[in-house]
Amino acid sequence: WSYSDMRGFAPLLGPWMWFKLYWAAWALLLAVFARLLWLRGRERGLRARFYLARQRLTRATVATAAGAAGLIVTLGGFVFYNTNVLNKYRTDSEVTALQAEYEQRYKRYDSIPQPRVTGSKLRVEIHPRRGEAEIRGSYNLVNYNDVAIDSIHVATSPRARPEALAFDRKAALVLADVERGHRIYSLATPLQPGDSMRLGFEVRIRQRGFRNESYDAPVVANGTYFTNHWFPQIGYQQGRELLSAGDRRAHGLAPRPVLASLYNVEARMKSSGRVTLDAVVGTDESQVAVAPGRLLRTWKEGGRRYFHYSADADAGSETGFFSARYAVHESKWNDVTIQVFHHPGHSAHVERMLRSVRASLEYYTKNYGPYRHRHLSVVEQAGNGTGMHAEAAMITHAEGFALWNPKDGAGRLDLPSAIVAHEMGHQWNIPLARVEGLPVMAEGLAWYTGMQVMREHYGPAQLRRLMRFMRQPYPYPQIRRGEPLLRGQDPYMAYRRAPFALHALTEYMGVDRVNTALRRLIEKHGSGAPPLATTLDFYRELKAVTPDSLQYLLHDLFEVNTFWEFEADRVTAEKTQAGTWQVTLNVRARKVVGDSAGVETEVPMDELVPIGVFGRGEPGDELSAPLYLKMHRIRSGKHAITVTVPREPALAGIDPYHLLDWEEREDDGNIEKVKIGK
Ligand SMILES: [Zn+2]
């Protein structure tokens, strides 16, 4: 069970108590037996103890034991009724087996032509107190293939069996696999290329009793949240396939990569396009309902409150529906309406969040092109945790984020603002091909853009603190094996190496060039028309803006996994007769390239690396007072570098801001205290 301000103890405390009571009844019964058989003297042997037990058997003891047994039967029966009768009980291996069967039976339909959902119209009725929601909807389906389609495959959610699936033309149900959630309809007249049709459906989300597994009820008294995963989907669903190599082997499935190869041309042609949404959502009179899109109108009817949302630009692939007793904070940025839906008691975070939202809108529209929507919704989602998530024109966060208000002040990182800027960066993500490098394009670019907002609107010191935080090994320790960034797919590559690499480029060739490359990518691929964008498209734009002298750096950052290792060994300084200071740095440099198996090869290095000398900085930000900062040509091995600075130095080092050397160590090896001589 858990407690949150929005949900209270719902929905898990009840089931938790029933399970505990059931086991408490067992404990009581065992306690009775233990008392009867307790060893109190020198009795030996079971016979003697059973004899004693019979003598100790009083009416009260018998009554207690009978009571406990009765409770076990009734409570056990109740738990069984909830977990096995009201709800279907499935073991993990049964669930895995169903997933495997789904793939075995229907994978062959993966690449057959299917229509695409271009828009959906929904009427959603949420009943928070009953824990129920009904959705009546229809999809507009368009055949974008160049062949006619004669059968439609509909994937249904095993948790919410859709009722009343109906096409607006004659269709015969030829297969209905309820367990694995797959249906096939055969159309009397095929859907011609370019033609469209409608699919109507009804879905009922209902919580009946409780389940054996910890289960988040989607509709609760306060803090309802569910997504379109409950609705029927068109075509074979790759997302349902088993991922674990062991599970796949056990079920006789061929190994599958998590993402297709970067060079897979077919995968780039699969565009889901942009989807519009028109939703009327009704809920209790005391609650506010949220759906993707702009709020057009709200009204009361029959003791309920209704909200009409419309997403005419794009509703995103995952559409969420919310209902709670929200307070709504509304403001504007140019002609964009920003609505913050938050728990009334959680408002301390709103101003900080909005500042970052505005700074992001400002910076991104200026550098990457227009914001695609006329609204932005920020929605607090019931539940603990500090996570934040972006969908089209919508940012959602758990309650913990609202309660997270770090103190501002000297040397402190404003991480919540950086995270908001990152999520806002996702609003400029373009439709991407599901191939290697996808996470680099989605998360890496969101962090790169978020970092620019921090630098421009919060100051370079905030960016430095953010990057220092990002270099910490938690939660993404540096990995030194695997595919290069262009094909990167694990979180370290996406959330760390990609933004580090792009940041290095901004320092070597200027942020404007990198921004230009990103803007061109968005201009060329923002429409989502296939072929969809990959890291290769971004890389092409980067190459185009990179001067010849730095092409080697692009290669080192993106095409291979390069690791730069710098170390400042000893730094001394002497005051000159002119009153300046002569600083001598003894540094070491090494460059290695790691391959996918983790084998590292040292490569010769001969390139520009920053050398910095610093005076006494602000508390908590020791590198705030650079006395000298210049690129020096550095080769592999040991060097002594001498520079002159105007004032007394305190710290000095090689690559002091970790442009290239990203490994964070307890003692920052790149920087040393200056020893003053003479
Ligand atoms: Zn993200």
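Cut-offs applied
- For every chain, the first residue of the written sequence is number 1, and numbering continues from 1 onward in sequence order.
- Only residues with pLDDT of at least 70 are given local features in this predicted model, and only at 80 or more are side-chain atom pairs given and counted; all residues enter the totals for whole chains, interfaces and linings.
- As a rule here, side-chain values come from all non-hydrogen atoms in the structure, and water together with hydrogens is ignored.
- Note on aromatic contacts: the rings of Phe and Tyr and the six-membered ring of Trp form a pair at centre separations within 6.5 Å, being stacked when their planes are under 30 degrees apart, edge-to-face when over 60 apart, and tilted otherwise.
- Any Lys NZ or Arg CZ found within 6 Å of a ring centre and within 35 degrees of that ring's normal is scored as a charge over the ring.
- In this description, a nonpolar core means a group of buried Ala, Val, Leu, Ile, Met, Phe, Trp, Tyr and Cys residues linked to one another through side-chain atoms lying within 4.5 Å.
- For the exposure calls, accessible area comes from a 1.4 Å probe over protein chains only, and a residue counts as buried if that area is under 20% of its type's maximum, exposed if over 50%, partly exposed in between.
- In this description a helix means any DSSP run of H or I spanning at least four residues, a strand means any run of E spanning at least two, and both kinds are numbered starting from the N terminus.
- The start and end points of each domain follow an automatic or database-based domain assignment.
- Contacts are residue-level and defined by heavy atoms, with any inter-residue pair within 4.5 Å sufficient.
- Whenever a carboxyl oxygen of Asp or Glu lies within 4 Å of a side-chain nitrogen of Lys or Arg, that contact is scored as a salt bridge.
- A patch consists of residues exposed above 30% relative accessible area that lack any salt bridge, with like charges linked at up to 9 Å and nonpolar side chains (Val, Leu, Ile, Met, Phe, Trp, Tyr) linked at up to 5 Å.
- Computed with the Shrake-Rupley method and a 1.4 Å probe, the accessible areas treat only the protein chains shown as cover for residues.
- Only C-alpha atoms enter the line fits that serve as axes; for helices the fit covers just the stretch in contact. Angles between N-to-C directions range over 0 to 180 degrees.
- For classification, angles of less than 35 degrees are called roughly parallel, those exceeding 145 degrees roughly antiparallel, those between 65 and 115 degrees roughly perpendicular, and all remaining angles oblique.
- Left-handed describes a crossing whose near helix is turned anticlockwise from the far helix through less than a right angle; right-handed describes the clockwise counterpart.
- Just so you know the grouping, Ala, Val, Leu, Ile, Met, Phe, Trp, Tyr, Cys and Pro go in nonpolar, Asp, Glu, Lys and Arg go in charged, and all remaining residues, Gly too, go in polar.
- When DSSP finds two or more bridges between a pair of strands, those strands are recorded as paired.
- For every residue, the predictor assigns a confidence score, pLDDT, that lies between 0 and 100.
- Sodium, potassium and calcium take a 3.2 Å donor cutoff, other metals 2.8 Å, and in both cases only N, O and S atoms count; water is not among them, so sites may look incomplete.

Colleague: Describe in detail the packing of aromatic side chains, supporting the description with residues and values.
Modeller: With the rule as written, the count across this model stands at 25 aromatic pairs. For the pair Phe-401 and Trp-404, a centre-to-centre distance of 5.7 Å together with 85° between the ring planes defines the contact as edge-to-face. Through a chain of ring-to-ring contacts, three or more aromatic side chains come together here, namely Tyr-139, Phe-201, Phe-226, Phe-231 and Phe-321. The ring of Trp-299 carries the charged tip of Arg-297 above its face, separated from the ring centre by 4.0 Å.

Colleague: Break down the nonpolar core for me, citing the residues and quoting the values.
Modeller: Grouped together as the largest cluster of nonpolar side chains are 104 residues, with contacts concentrated most on Leu-505 and Phe-558. With 11 residues, the single largest contributor to this core is helix 10 (residues 438-458). Shared between two domains, this core holds at least three residues of each, these being domain 3 (431-559) and domain 4 (562-676). Residues contacting Leu-505, with those up to four places away along its chain left out, are Gly-510, Val-514, Leu-542, Leu-553, Leu-554, Leu-557 and Phe-558. Within the second largest apolar cluster, 48 residues are counted, among which are Ala-160, Tyr-185, Phe-307 and Ala-311.

Colleague: Now, about the pattern of salt bridges: what can you tell me, with residues and values included?
Modeller: Following the criterion strictly, the structure yields 35 salt bridges and no others. In this structure, Asp-110 and Lys-270 form a salt bridge, with 3.9 Å as the shortest nitrogen-oxygen distance. Of the two residues, Asp-110 sits in the loop between helix 4 (92-106) and strand 1 (116-127) while Lys-270 sits in the loop between helix 6 (265-268) and strand 10 (276-284), which places them 160 residues apart along the sequence. Looking at Asp-110, the relative accessible area reads 18%, which means it is buried. Lys-524 serves as the salt-bridge partner of Glu-541, at 2.7 Å between the closest nitrogen and oxygen. Note that Glu-541 is positioned in helix 14 (residues 535-545) and Lys-524 in helix 13 (residues 511-525), a separation of 17 residues in sequence. Exposure remark for Lys-524: the relative accessible area of 55% places this residue in the exposed category.

Colleague: Can you explain the domain arrangement of the protein chain? Please cite residues and give values.
Modeller: Domain boundaries assigned for the protein chain yield domain 1 (13-86), domain 2 (109-256), domain 3 (431-559) and domain 4 (562-676). If you average the C-alpha positions of domain 1 and of domain 4, the two centres end up 71 Å apart.

Colleague: Tell me about a nonpolar patch on the surface, and please be specific about residues and values.
Modeller: On the surface, Trp-1, Tyr-3, Phe-9, Trp-16 and Met-17 cluster together into a nonpolar patch covering about 550 Å² of accessible area. By the secondary structure assignment, Phe-9 is in the segment before helix 1 (13-37). Among the residues examined, Phe-9 registers a relative accessible area of 40% and is labelled partly exposed.

Colleague: An account of the packing of helix 13 against helix 14 is needed here, citing residue identities and associated values.
Modeller: Contact geometry of helix 13 with helix 14 gives a least axis separation of 9 Å together with a crossing angle of 140°. By the criterion of interaxial angle, the relationship of helix 13 to helix 14 is oblique. The two elements helix 13 and helix 14 meet at a crossing, and its hand is right-handed. Here helix 13 contributes Arg-513, Val-514, Thr-516, Ala-517, Leu-518, Arg-520, Leu-521, Lys-524 and His-525 to the contact with helix 14, which in turn contributes Asp-537, Phe-538, Glu-541, Leu-542 and Val-545. Looking at the contact of helix 13 with helix 14, its residues break down into 7 nonpolar, 2 polar and 5 charged.

Colleague: So what about the sheet that holds strand 18 (residues 388-391)? Which residues, and what values?
Modeller: If you walk across this open sheet you meet the 5 strands as 15-16-17-19-18, and the pairing is mixed. Each edge of the open sheet is held by one strand with a lone partner, namely strand 15 (327-333) and strand 18. On average, each strand axis in the sheet is inclined to that of its neighbour by 15°, with strand direction left out of account. Across 4 bridges, strand 18 lies against strand 19 (residues 394-398) in antiparallel orientation. Counterpart to Ala-390 in the pairing with strand 19 is Ile-395. Sitting on the sheet, helix 7 (residues 350-368) touches strand 15, strand 16 (336-342), strand 17 (375-381), strand 18 and strand 19, and the angle it makes with strand 15 is about 30°. The strands touched by helix 9 (residues 415-426) within the sheet are strand 17, strand 18 and strand 19, with strand 18 carrying the most contacts at an inclination of about 20°.

Colleague: Could you give an account of the pairing of strand 10, naming the residues involved and the relevant values?
Modeller: For strand 10, the tally of buried residues reaches 7 of 9 residues, placing the bulk of the element in the interior. Where strand 1 lies against strand 10, 7 bridges are found, and the strand directions are parallel. In the sheet register, Val-124 faces strand 10, and the bridge partner there is Val-281. Pairing of strand 10 with strand 13 (residues 304-311), which is carried by 8 bridges, proceeds in the antiparallel orientation. Pairing of Asp-278 across the sheet is with Ser-310, part of strand 13.

Colleague: Can you lay out the environment of Ala-188 for me, pointing to particular residues and giving the numbers?
Modeller: Relative to the elements of secondary structure, Ala-188 occurs in strand 6 (residues 182-191). For the pair Ala-188 and Asp-150, spaced 38 residues apart in sequence, the C-alpha to C-alpha distance is 7.6 Å.

Colleague: How would you sum up the confidence of the model for the protein chain? Please name residues and give values.
Modeller: Looking at the protein chain, the pLDDT average stands at 91 and 99% of residues meet or exceed 70. Taken element by element, the protein chain is modelled with least confidence in helix 2 (residues 45-56), mean pLDDT 80, and with most confidence in helix 14, mean pLDDT 98.

Colleague: Outline the pairing of strand 15, supporting the account with residue identities and numerical values.
Modeller: Pairing geometry for strand 15 and strand 16, over 7 bridges, is antiparallel. Pairing of Lys-332 across the sheet is with Thr-337, part of strand 16.

Colleague: Residues and numbers for the sheet that holds strand 14 (residues 320-324), please.
Modeller: The strand order across the open sheet formed by 3 strands is 8-14-11, and the pairing between neighbours is antiparallel. Both edges of this open sheet fall to strand 8 (224-227) and strand 11 (288-290), since each of them pairs with a single strand only. With strand direction ignored, the average angle separating the axes of adjacent strands in the sheet is 10°. Pairing geometry for strand 8 and strand 14, over 4 bridges, is antiparallel. The residue bridging Thr-224 from the neighbouring strand is Ser-323, located in strand 14.

Colleague: Requested: an account of the coordination of the zinc ion, with residues and values cited.
Modeller: Surrounding the zinc ion are the protein donor atoms His-422 (NE2), His-426 (NE2) and Glu-443 (OE), at 2.0 to 2.1 Å. Within one chain, the residues donating to the zinc ion are spaced in sequence as H-x3-H-x16-E. Here the residue His-426 occupies a position in helix 9, and Glu-443 occupies one in helix 10, the gap between them amounting to 17 residues. Each member of the pair, His-426 together with Glu-443, is buried.

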